[in-house]
Amino acid sequence: MCAMIADLEAHFREFLPPRDELLLKLEEEARQEKIPIVGPLVGELLFLLARATQARRILELGTATGYSAIYLARGSEPHHGQVVTLEASPQ
């Protein structure tokens, strides 16, 4: 807990850029189907980490809906990065 900011997560949510239709659709699907996703805060962090490290090859274990893979792919795009994502569940 931060002594200066009571609700740190809410504070950071104020800085989130607008999400496109695809991400909003996946968020809604996750809510309705109770599918765990990282959410937009962690998604933006993944984007920034992929961008900052100039990631070119990313392996994601556990795809779910592909929500986090989108952030990773977009973050690695300037360096022609590729995301390989694996899902154990056939559903």
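Calculation notes
- Residues numbered from 1 in each chain as written.
- Predicted model: local features only at pLDDT ≥ 70, side-chain atom pairs only at ≥ 80, totals over all residues.
- Heavy atoms only, no water.
- Core = buried A, V, L, I, M, F, W, Y, C linked by side-chain atoms within 4.5 Å.
- Buried < 20%, exposed > 50% of the residue type's maximum accessible area, 1.4 Å probe, protein only.
- Helix = DSSP H or I, 4+ residues; strand = E, 2+ residues; numbered from the N terminus.
- Axes fitted to C-alpha atoms, helices over the stretch in contact; angles between N-to-C directions.
- Parallel < 35°, antiparallel > 145°, perpendicular 65-115°, else oblique.
- Left-handed = near helix turned anticlockwise from the far one by under 90°.
- Contact = heavy atoms within 4.5 Å.
- Nonpolar A, V, L, I, M, F, W, Y, C, P; charged D, E, K, R; others polar.
- Patch = residues over 30% accessible without salt bridge, like charges linked within 9 Å, V, L, I, M, F, W, Y side chains within 5 Å.
- Areas by Shrake-Rupley, 256 points an atom, 1.4 Å probe, with all protein chains shown as cover.
- Salt bridge = Lys/Arg side-chain N within 4 Å of Asp/Glu carboxyl O.
- Pairing = 2+ DSSP bridges.
- Right-handed = clockwise from strand over helix to strand, strands pointing away.
- Phe/Tyr/Trp six-rings, centres within 6.5 Å; stacked < 30°, edge-to-face > 60°.

(A) Geometry of the nonpolar core. The biggest cluster of nonpolar side chains holds five residues, and these are Leu23, Leu26, Tyr67, Ile70 and Tyr71. Top element by residues in this core is helix α4 (residues 67-76). It accounts for three residues.

(B) Just the packing of helix α2 (residues 21-33) against α4, in detail. Interhelical geometry of α2 versus α4 gives an angle of 155 degrees and a closest axis separation of 10 Å. What the angle tells us is that α2 and α4 run roughly antiparallel. α4 is crossed by α2, and the crossing has left-handed handedness. Of α4, the residues touching α2 (which contributes Leu22, Leu23, Leu26 and Glu27) are Tyr67, Ile70, Tyr71 and Arg74. In terms of residue class, the contact of α2 with α4 is built from six nonpolar, no polar and two charged.

(C) Focus on a nonpolar patch on the surface. Among the surface-exposed residues, Leu59, Leu61, Val84 and Leu86 lie close enough to one another that they form a single nonpolar patch of about 420 Å² accessible area. Going through the elements one at a time, β1 (57-61) and β2 (82-86) are the ones with two or more residues in the nonpolar patch. As for its position among the elements, Leu61 is in strand β1.

(D) View of the pairing of β1. Burial along β1 is one-sided: the residues Ile58 and Glu60 are buried and none of Arg57, Leu59 and Leu61 is. Direction of pairing for β1 relative to β2: parallel, over a ladder of five bridges. By the bridge assignment for β2, Arg57 is matched with Gln82. Taking the sense of rotation as the criterion, the β-α-β connection linking β1, α4 and β2 turns out right-handed.

(E) Structural view of the packing of aromatic side chains. Per the stated rule, a full pass over the model turns up one aromatic pair. Here Tyr67 and Tyr71 contribute two aromatic rings whose centre-to-centre distance is 5.4 Å and whose plane-to-plane angle is 65 degrees, an arrangement assigned as edge-to-face. Taken together, the residues Tyr67 and Tyr71, both in helix α4 and four residues apart, mark about one turn of the helix.

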